[in-house]
Amino acid sequence: MTTTTHPTPAANQGYLDRLRQGQLDLHWLRESRSEWGVRARPSKVGLTLMDIAVGSYGEVPDRPPRRTMAPRGSDVDPEVPDLGYTINEKAEVWSDNVLELYEEAVARQWSATRDIPWGDLPELDPDLEHAVCQLATVLSEVEMVASDFPAKWLWRINHDFVEAKMFLCTQIMDEARHTEVFRKRALANGGGLGKASAVTERFLQLVLDAQSYDEGSALMHLLGEGIVLSLFRAGELVAPSAVEKRIFRLCMQDEARHVAYGTMHLRYRLDRDPSLAEDFHAYLDRGEDIIAALFTTPEVVEPTAVLAAGGVAAASELGLAAANVVRAQVVEEYLARCARAGLDRRSRLRLPSALLEGTSAAVPGDGQSTGQA
């Protein structure tokens, strides 16, 4: 194994000697080319990222001139080392809403320990408790990939896009908290963790194995997290107690930010290079194939049906009807996100026709899918 070595800067003994004699260098002051007088003024809520986007610091280059951690707008020593960033094009990670999303994220952080009324959990019917715990198991399983994926790519992103990196850091924290809260719920009321499915793990593998940030972001932000956001909405509706409703409501506000970033990132990307649309279609083709399998996986589908029906006895009728409504909503919201981003998936949707019943993507009369599956 070859190890890359870098020269270690040596201590400047001459400067130390002069410093002992009280002689300051002050070249950083006398030779400064900084924008003296450029002032960031706080808004009503405080000093936000939007407020400090002034002067040369506020200009995010499409292709940064160097690969360092030097802040935009600073005087950069010509001898700074190259840090080897591989994502050096703004459109690869940027979205027009990323500054606002970061500010919202830091303002709305919550604690899975203190902000959930765990002491108010009621004793549930065993079937309902098992359903809650199975749903919590699936959600705790899928949420952590939305931490792992950004962490995999963060160190590759040029520091001139620091606002996007900062937002992804908040996403990592959000998703860690989601994993925490759902595992706590599974273990807090006597039910315990349920079953982890191979199908779910295959989708997570697809996200982690993505060969580019574009591919992983499309699969995770647009498809995976979008579906989870729809499940959070459904979970709040069918939650058996106020405790679960609180959990889903708080997770929903976080997930909405991640989906908003992913949708607007794709839009930003396609606006600047429409030729990439076919690449994104190919990414989502593969993702939808696995999502189709998820929609037919009992441990993913049936907990929501049982909760919606209030138990197993009525689940096959009332619960499955409710689950079908949720599935149709998931598909509709996914198609709407794609359209908002500038990617028309209706003609390419790869879900079996049986899974499209009740959606605008269904073809009347012949029961066939509009897609290729």
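Basis of the calculations
Residues numbered from 1 in each chain as written. Predicted model: local features only at pLDDT ≥ 70, side-chain atom pairs only at ≥ 80, totals over all residues. Heavy atoms only, no water. Helix = DSSP H or I, 4+ residues; strand = E, 2+ residues; numbered from the N terminus. Expected span 1.5 Å × (residues − 1). Buried < 20%, exposed > 50% of the residue type's maximum accessible area, 1.4 Å probe, protein only. Contact = heavy atoms within 4.5 Å. 1 Å grid on protein atoms, 1.4 Å probe; cavity = no way out; pocket = protein on both sides within 12 Å on 5 of 7 lines; lining within 4 Å. Points joined across faces, edges and corners; volume = space filled by probe spheres on them. Nonpolar A, V, L, I, M, F, W, Y, C, P; charged D, E, K, R; others polar. Axes fitted to C-alpha atoms, helices over the stretch in contact; angles between N-to-C directions. Parallel < 35°, antiparallel > 145°, perpendicular 65-115°, else oblique. Left-handed = near helix turned anticlockwise from the far one by under 90°. pLDDT = per-residue confidence, 0-100.

1. Points about helix H11 (residues 298-309)
Thinking step 1. Between its first and last C-alpha atoms H11 spans 16 Å; for 12 residues at 1.5 Å apiece the expected length is 16 Å, and the two agree.
Thinking step 2. For H11, the full list of buried residues reads Glu-299, Val-300, Pro-303, Thr-304, Ala-305, Val-306, Leu-307 and Ala-309.
Thinking step 3. Buried residues belonging to H11 abut helix H4 (126-143), helix H7 (198-208), helix H8 (213-238), helix H10 (277-294) and helix H12 (315-341).
Thinking step 4. Where H11 ends, the next residue or the one after it, Gly-310, has phi of about 80°, a positive value.

2. Thoughts on unusual backbone geometry
Thinking step 1. The phi dihedral of Leu-26 is positive, around 65°, even though this residue is not glycine.
Thinking step 2. You can see Leu-26 is positioned in the loop between helix H1 (13-20) and helix H2 (27-30).
Thinking step 3. According to the relative accessible area criterion, Leu-26 is partly exposed, its value standing at 22%.

3. Here's the deal with the environment of Ser-32
Thinking step 1. Within the secondary structure, Ser-32 sits in the loop between H2 and helix H3 (98-107).
Thinking step 2. Look past the residues within four positions of Ser-32 in its chain and what remains in contact with it is His-27 and Asp-75.

4. Some remarks on empty space enclosed by the protein
Thinking step 1. Tallied over the entire structure, the rule returns 4 cavities of 30 Å³ or more.
Thinking step 2. Its volume calculated, the largest cavity comes out at about 90 Å³.
Thinking step 3. In terms of lining, the largest cavity is formed by 13 residues, of which the most central are Val-132, Leu-135, Phe-182, Glu-244 and Phe-248.
Thinking step 4. Of all elements in the fold, only H4, helix H6 (162-188), H8 and helix H9 (242-272) reach the threshold of two or more residues within the lining of the largest cavity.
Thinking step 5. Here the lining of the largest cavity is composed, by residue class, of 10 nonpolar, 1 polar and 2 charged.

5. Notes on the packing of H8 against H9
Thinking step 1. Put simply, H8 and H9 touch, their axes get as near as 8 Å, and they point 150° apart. Classified by the angle their axes make, H8 and H9 are roughly antiparallel. Of the two elements, H8 crosses H9, and the hand of that crossing is left-handed.
Thinking step 2. For the contact of H8 with H9, the class distribution of residues is 13 nonpolar, 8 polar and 8 charged.

6. Here we look at the confidence of the model for the protein
Thinking step 1. Chain-level pLDDT for the protein is 90 on average; 95% of the residues reach the 70-or-more range.
Thinking step 2. Ranking the elements of the protein by mean pLDDT puts H2 last with 83 and H3 first with 98.
Thinking step 3. This stretch, residues 364-373, has a pLDDT under 50; its non-local contacts, to residues over four places away or in other chains, come to 24 contacts.

7. Overview of the environment of Ala-309
Thinking step 1. Within the secondary structure layout, Ala-309 lies in helix H11.
Thinking step 2. For the pair Ala-309 and Ala-322, spaced 13 residues apart in sequence, the C-alpha separation works out to 7.9 Å.
Thinking step 3. Those residues in contact with Ala-309 that lie beyond four places of it in its chain are Ala-314, Ala-315, Leu-318 and Gly-319.

8. Regarding the layout of surface pockets
Thinking step 1. Volume-wise, the largest pocket comes out at about 560 Å³.
Thinking step 2. What lines the largest pocket is a set of 34 residues, and nearest its centre among them are Ile-227, Leu-231, Leu-294, Phe-295 and Val-300.
Thinking step 3. Only H4, helix H5 (145-154), H7, H8, H10, H11 and H12 provide two or more residues apiece to the lining of the largest pocket.
Thinking step 4. Partitioning the lining of the largest pocket into residue classes produces 23 nonpolar, 6 polar and 5 charged.
Thinking step 5. Taken as a whole, the second largest pocket spans an internal volume of roughly 270 Å³.
Thinking step 6. As for the second largest pocket, its lining consists of His-27, Trp-28, Glu-31, Ser-32, Arg-33, Asp-75, Val-76, Asp-77, Pro-78 and Glu-79.
Thinking step 7. Here the lining of the second largest pocket is composed, by residue class, of 3 nonpolar, 2 polar and 5 charged.

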